Amino acid sequence: MKKQDKLNDYDGFVEKFKPKRTTDDCYTPPAVYEAVKGWAMKKFNIAPDRPIVRPFYPGGDYEHYNYPPGCVVIDNPPFSILAKIKRFYIERGIHFFIFAPSLTLFSGTIEKLTHILTDSTITYENGAKVNTAFVTNLPSPYVLMTAPDLAQLIKEANAQAPKAELPVLDFPANVLTSARLNKIASLIKFEVPRTAARFVRTIGKERKGLFGGGLLVSSAKAAEAAEAAKAAKAAKAAKAVKAYKYELTPEEQANVAALDNQSSQR
Ligand SMILES: C[S@@+](CC[C@H](N)C(=O)[O-])C[C@H]1O[C@@H](n2cnc3c(N)ncnc32)[C@H](O)[C@@H]1O
């Protein structure tokens, strides 16, 4: 780019200062939010006249938000500061029912909270797909629960949400791209002689651009790559089932015995 062009590149300048979309910026599709809110209100007996608030939005400051008396926070917060948010509400006695990433649901967990798992992959408005769970300090005797009925509601709401998914590209086997080969690269040795390939930038009569370009290869090499992809998939699946078995320590066993004792006295 020439110096003058650089000076005139106003769009590029503006783009630099736009807030970036990270995992903290997953906007909840309205249908999903309404499904979650409706379920939470019913399940946790939230009176219809209690104000429901959403203090998490771009430029928001949940620590200085004006919480009306008796309100319940039902919202999707930035996941990176979840532990701090939970502590803040607990210390101030503010009820919350918030979204949380399911994989780290118990991090910074406090036994008086209720953790709700639904195995729901929510497609957020920026296209990100996150396996989402929920955590609440609304009164409940449970520290953990699954909620198949909520899972079903989210599934139906997700189906209504406009799709932000990338199209699935199905290139002919003779086209090798980096993305295709990365699936086998750490597992299977595969080489393409210079004489068996031509570099291509687009493919098909539509002249579909290949991101980063690709190689058009001979049918023998294409068949070899397809076989390698199958073998890599099988190897990954075999690796995934090998589980290491952990045992409880004597101290943990004593805790379990104490819990057993407590439950049997009820
Ligand atoms: C996961 S997004 C969800 C947005 C919205 N609540 C929703 O459900 O669609 C989290 C939002 O929290 C905002 N956020 C980040 N830090 C915050 C803070 N300290 N106080 C309030 N909002 C914050 C982010 O900018 C982002 O918009």
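Just so it is clear, the model here is predicted, and its values are computed rather than measured. (Residues numbered from 1 in each chain as written. Predicted model: local features only at pLDDT ≥ 70, side-chain atom pairs only at ≥ 80, totals over all residues.)

Caption draft 1: Representation of the sheet that holds strand β1 (residues 52-53) within the structure. If you trace the six strands from one edge of the open sheet to the other, you get β1-β2-β3-β5-β4-β6, paired in mixed fashion. The open sheet has two edge strands with one neighbour each: β1 and β6 (144-146). Sheet strands touched by helix α5 (residues 148-160): β4 (114-123) and β6. Its angle to β4, the strand with the most contacts, is close to 20 degrees. (Pairing = 2+ DSSP bridges. Helix = DSSP H or I, 4+ residues; strand = E, 2+ residues; numbered from the N terminus. Contact = placed C-beta atoms within 7 Å. Axes fitted to C-alpha atoms, helices over the stretch in contact; angles between N-to-C directions.)

Caption draft 2: Main features of the pairing of strand β3 (residues 95-101). Here β3 lies mainly inside the structure; five of its seven residues are buried. Looking at chain direction, strand β2 (residues 72-75) and β3 are connected through four bridges and run parallel. Of the residues in β3, the one forming a bridge with V72 is H95. Handedness of the crossover joining β2 and β3 through helix α4 (residues 82-92) is recorded here as right-handed. (Buried ≥ 20, exposed ≤ 12 C-beta atoms within 10 Å, placed from the backbone. Right-handed = clockwise from strand over helix to strand, strands pointing away.)

Caption draft 3: Main features of helix α8 (residues 250-265). The terminal C-alpha atoms of α8 lie 23 Å apart, and with 16 residues this matches the ideal 22 Å at 1.5 Å per residue to within 8%. For α8, the buried fraction is low: zero of the 16 residues fall into the buried class. (Expected span 1.5 Å × (residues − 1).)

Caption draft 4: The site of the ligand, seen in detail. Around the ligand, a shell composed of 17 residues is seen, among which T28, F56, G60, Y62 and N76 lie nearest. Its residues assigned to classes, the shell around the ligand comprises nine nonpolar, three polar and five charged. (Near = placed C-beta within 6 Å. Nonpolar A, V, L, I, M, F, W, Y, C, P; charged D, E, K, R; others polar.)

Caption draft 5: How the structure looks around the sheet that holds strand β9 (residues 208-217). With antiparallel pairing, three strands are arranged side by side in an open sheet as β7-β9-β8. With one partner strand each, in any of the chains shown, β7 (175-176) and β8 (197-203) form the two edges of the open sheet.

Caption draft 6: Geometry of the nonpolar core. Of all hydrophobic cores here, the largest spans 30 residues; its most connected members are A35, F97, I98, A100, F134 and I154. Of all elements in the fold, only α3 (30-43), β2, α4, β3, β4, β5 (129-136) and α5 reach the threshold of two or more residues within this core. When residues no more than four places from it in sequence are discounted, the contact partners of F97 are A40, F44, V72, I74, F134, T136 and L138. (Core = buried A, V, L, I, M, F, W, Y, C linked by C-beta atoms within 7 Å.)

Caption draft 7: Structural context of the confidence of the model for the chain. The predicted model of the chain has a mean per-residue pLDDT of 85, with 86% of residues at 70 or higher. Note on residues 1-7: pLDDT under 50 across the span, and one contact to partners over four residues away in sequence or across chains. Note on residues 14-21: pLDDT is under 50 here. Beyond four places in sequence and across chains, it has two contacts. (pLDDT = per-residue confidence, 0-100.)

Caption draft 8: Inspection of the packing of α3 against α5 at higher detail. Between α3 and α5, the shortest axis-to-axis distance is 8 Å and the interhelical angle comes to 160 degrees. Taken together, α3 and α5 sit at an angle that is classed as roughly antiparallel. Here α3 and α5 pass one another in a crossing that is right-handed. For the pair α3 and α5, contact is made by A31, V32, A35, V36 and W39 and by L150, L153, I154, A157, N158 and Q160, respectively. Along the lines of polarity and charge, the residues of the contact of α3 with α5 split into nine nonpolar, two polar and no charged. (Parallel < 35°, antiparallel > 145°, perpendicular 65-115°, else oblique. Left-handed = near helix turned anticlockwise from the far one by under 90°.)

Caption draft 9: Quick peek at α5. Between its first and last C-alpha atoms α5 spans 19 Å; for 13 residues at 1.5 Å apiece the expected length is 18 Å, and the two agree. When α5 is considered as a whole, its buried residues turn out to be L150, L153, I154 and A157. Looking straight down α5, one finds its buried side chains confined to an arc of 100 degrees; they lie on one side. Residues of α5 that are exposed and angled more than 90 degrees away from the buried face: P148, E156 and A159. (Arc of directions from axis to C-beta.)

Caption draft 10: The arrangement of the environment of A185 in detail. Residue placement: A185 occurs in helix α6 (residues 178-185). Linking A185 and A228, residues 43 residues apart in sequence, is a C-alpha distance of 9.5 Å.

Caption draft 11: Looking closely at unusual backbone geometry. Located in the positive-phi region is N45, a residue other than glycine, with phi close to 50 degrees. Locating N45 in the fold gives a position in the loop between α3 and β1. Positive phi, close to 50 degrees, is recorded for D119, a residue that is not glycine. In this structure, D119 sits in strand β4. The exposure class assigned to D119 is partly exposed, which follows from the 13 C-beta atoms found within 10 Å.

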